[in-house]
Structure formats: structure tokens, C-alpha cells
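Remarks on the overall topology
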Amino acid sequence: MTGLRLRRAGEADLATLVRLRDDAARWMLDRGITGQWRPGELGEDHFRRIMARGEVWLAEGGGRVAGAWELWWDDEDAWGPRPPDAGYVHRLMVDRAAAPGTGRLLLAAAEDRVAGAGRTRARLDCLATNPKLTAYYRDAGYRVVGRKDGKPQPGGPAKSFILMEKELPPPA
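Residues numbered from 1 in each chain as written. Predicted model: local features only at pLDDT ≥ 70, side-chain atom pairs only at ≥ 80, totals over all residues. Heavy atoms only, no water.

Observations regarding the layout of surface pockets
The volume enclosed by the largest pocket comes to roughly 1,100 Å³. Around the largest pocket, the lining comprises 48 residues; the ones closest to its centre are Gln36, Trp37, Leu92, Leu133 and Tyr137. Sorting elements by how many residues they give to the lining of the largest pocket places strand 4 (residues 86–94) first, with six residues. (1 Å grid on protein atoms, 1.4 Å probe; cavity = no way out; pocket = protein on both sides within 12 Å on 5 of 7 lines; lining within 4 Å. Points joined across faces, edges and corners; volume = space filled by probe spheres on them. Helix = DSSP H or I, 4+ residues; strand = E, 2+ residues; numbered from the N terminus.)

This is the structure:
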């Protein structure tokens, strides 16, 4: 995976995860992307809760964290009750000092983890008011399959999302 080492995040990584998310939020705001993430919105307790019921992954390269993502095994708030056929990618975060293309590498790693768990689909949601993000995921092979209005958000008001899905090949 081009020099990136992947590992599950643990308790010792909580401050790093909060910093990475806050940095990503500031980067978006600096570019006029509002309504998505706000610095200080999620703290260590958020990531601790996700680690208890799902997975949080870190990618490291060159002696530093290059990015992270959350992987959930269900997401009823957005998708409703579903059979266990998908993994749900959330909070894909990339350190802006990382090499171009790192986000795609992290997304591919998340998809590999989902397929490795025997699931046939990767799902995610994009803020309905962020068409550039929707286009990013379309370019990565995801297709729009619906919309969820009023999805509850940790640390903020409910928002509307575009629901996207990608069929995954079986693991090699």
C-alpha cells in the first residue's frame, strides 16, 4: 500500500484522531466547505465509542499519521435495518501533508477490510450539500442509491445525506 502501514487505532491514538479530524475540519472551512465538520465537534469520547462497537483505522507513513477512517458494521440511522452484507465507511480523514492520492489508498484499504470480513458492499454517506465529495466517491466507483434527510449527528444538528454504495469483489 505504497509505504503506508495500516493498524487499528487504540486508546493511545485518541488525541491523534481528534487532531486529525479537527485539522480536516479547518481545511474544509478554509476552502468554503461549510456544514460538514467543525473543529472541536468530536472529542476522544466519540472515537472511544466507535472503537467499542466498530473499528477505527490509522495509516502511518514516513513516521507520521497520514490518515484514518471509521468502519462500522451497521448504520441504521442512515440506512435503516439491513442484512449484514456491507461495511460502512465514515470519517475518512487525510493529513494534508500526506502524499496526493492518500485518500483513495485509505478508501481502498477500508474496502479491502470490508471484503475480507465477507461483506459484498461498501457503503457511505456524503453531506447532501457537498457535491464535490459526492463526485469524489463516484470517481472511486460508488453509485448514489438514495438520500437520508434528518440523520442524527454526533455533536451537532441532524443533516441530509446522499447514500452511496459500491459492490466489492470477493477477497483474493
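Here we look at the pattern of salt bridges
Scanning all chains against the criterion turns up 26 salt bridges. Across the pair Arg121 and Asp85 runs a salt bridge whose closest N-O atoms are separated by 2.8 Å. Placement of the pair is Arg121 in strand 5 (residues 121–127) and Asp85 in the loop between helix 3 (76–79) and strand 4, with a sequence separation of 36 residues. For Asp85, a relative accessible area of 16% corresponds to the buried category. The partner of Glu111 in a salt bridge is Lys166, and the shortest N-O contact between them spans 3.2 Å. (Salt bridge = Lys/Arg side-chain N within 4 Å of Asp/Glu carboxyl O. Buried < 20%, exposed > 50% of the residue type's maximum accessible area, 1.4 Å probe, protein only.)

Quick word on the sheet that holds strand 1 (residues 5–8)
The strand order 1-2-3-4-5-7-6 describes an open sheet built from seven strands, whose pairing is mixed. The outermost strands of the open sheet, each flanked by one partner alone, are strand 1 and strand 6 (143–153). Going from strand to strand, the sheet's axes swing by 30° on average, the running direction of each strand aside. Packing of helix 2 (residues 44–53) onto the sheet brings it into contact with strand 2 (55–61), strand 3 (64–72) and strand 4, and relative to strand 3 it is tilted by some 55°. Where helix 4 (residues 102–116) meets the sheet, its contacts fall on strand 1, strand 2, strand 3, strand 4, strand 5 and strand 7 (156–167), and the angle it forms with strand 4 comes to roughly 155°. (Pairing = 2+ DSSP bridges. Axes fitted to C-alpha atoms, helices over the stretch in contact; angles between N-to-C directions. Contact = heavy atoms within 4.5 Å.)

Honestly, that's just the spatial picture; any functional story needs more than this.
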